[in-house]
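Residue-level structure breakdown
Residues per chain are reported as follows:
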Amino acid sequence: MGCTAETTAAAIRAAADAIAVNRAELTSLDRAIGDGDHGDNLARGFAAVITKLDAEVPATPGAVLKLVATTLISTVGGASGPLFGTAFLRAAAAAGEAAELDAATVAAALGAARDGVVSRGKAEPADKTMVDALTPAVDAAEAAARNGGDVAAVLAAAAEAAEGGAVATTPLQARKGRASYLGARSIGHVDPGSRSSAYLLRAFAAAAAG
Ligand SMILES: [Mg+2]
């Protein structure tokens, strides 16, 4: 089965739950190499998203993703709001007006989200940012779609790769964002944005698997 407005909304609800559950950990990761607000910022943004979804679920998957984007941009502070907002906005554009998204479109939307983050944040691979979770996730999602995987398989592959990518940020020295001011002292910590990106993808995968 493809991805409808209803299943997209369910995936966003699962993501909001995951952020709420892991809020303290994300904030603590950000306290180590940033300004200690990542979990709180994302939790506030996703809570605002859920309030809007409770009022009305938009008609298409693309419209759901666009609502997430605009809400995160207006409610999440720091660098994260524009970056996650851009990711969801580009995914929404890739989804277009379709009532249902197939596996290849979901993989393409993930790729568009990653490209949006790269162009907005100017981060390159191994800069110790969310790009380091999203890039292996996109590669894995595209491979799963090429191999005939359904939406759940594509998202499961993306989540697994994103988790690996997040862990792999640990030995890296940050070259972007506030963490880069720490120089070598940023080494030895997981990048918070890569971790939250992995949590979002794992939640989408779990929701798609039902
Ligand atoms: Mg922060």
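Presented here is an overview of the structure given in this document. All values derive from a computational prediction rather than experimental measurement. (Residues numbered from 1 in each chain as written. Predicted model: local features only at pLDDT ≥ 70, side-chain atom pairs only at ≥ 80, totals over all residues. Heavy atoms only, no water.)

Once that is clear, we can look at the pattern of salt bridges. In this structure the tally under the stated criterion is seven salt bridges. A salt bridge links R23 to D40, with the shortest nitrogen-to-oxygen separation between them at 2.8 Å. Remark: D40 occurs in helix α3 (residues 38–55) and R23 occurs in helix α2 (residues 23–33); sequence separation between them is 17 residues. Assessed through its relative accessible area of 37%, R23 is described here as partly exposed. You can call D40 partly exposed: its relative accessible area is 28%. The salt bridge involving R175 is made with D127; its shortest N-O contact spans 2.6 Å. In this pair, R175 is assigned in the loop between α8 (151–167) and α9 (192–209) and D127 in the loop between α6 (103–121) and α7 (131–146), connecting sequence segments 48 residues apart. (Salt bridge = Lys/Arg side-chain N within 4 Å of Asp/Glu carboxyl O. Helix = DSSP H or I, 4+ residues; strand = E, 2+ residues; numbered from the N terminus. Buried < 20%, exposed > 50% of the residue type's maximum accessible area, 1.4 Å probe, protein only.)

Here N22 shows up in the loop between α1 (5–21) and α2. Using a relative accessible area of 16% as the deciding quantity, one classes N22 as buried. A polar contact is formed between the side chain of N22 and the backbone oxygen of A18, at a distance of 2.8 Å. In this structure the side chain of N22 is engaged in a polar contact, spanning 3.5 Å, whose partner is the side chain of Y199. (Polar contact = N/O pair within 3.5 Å; in protein donor to acceptor, adjacent residues only side chain to side chain.)

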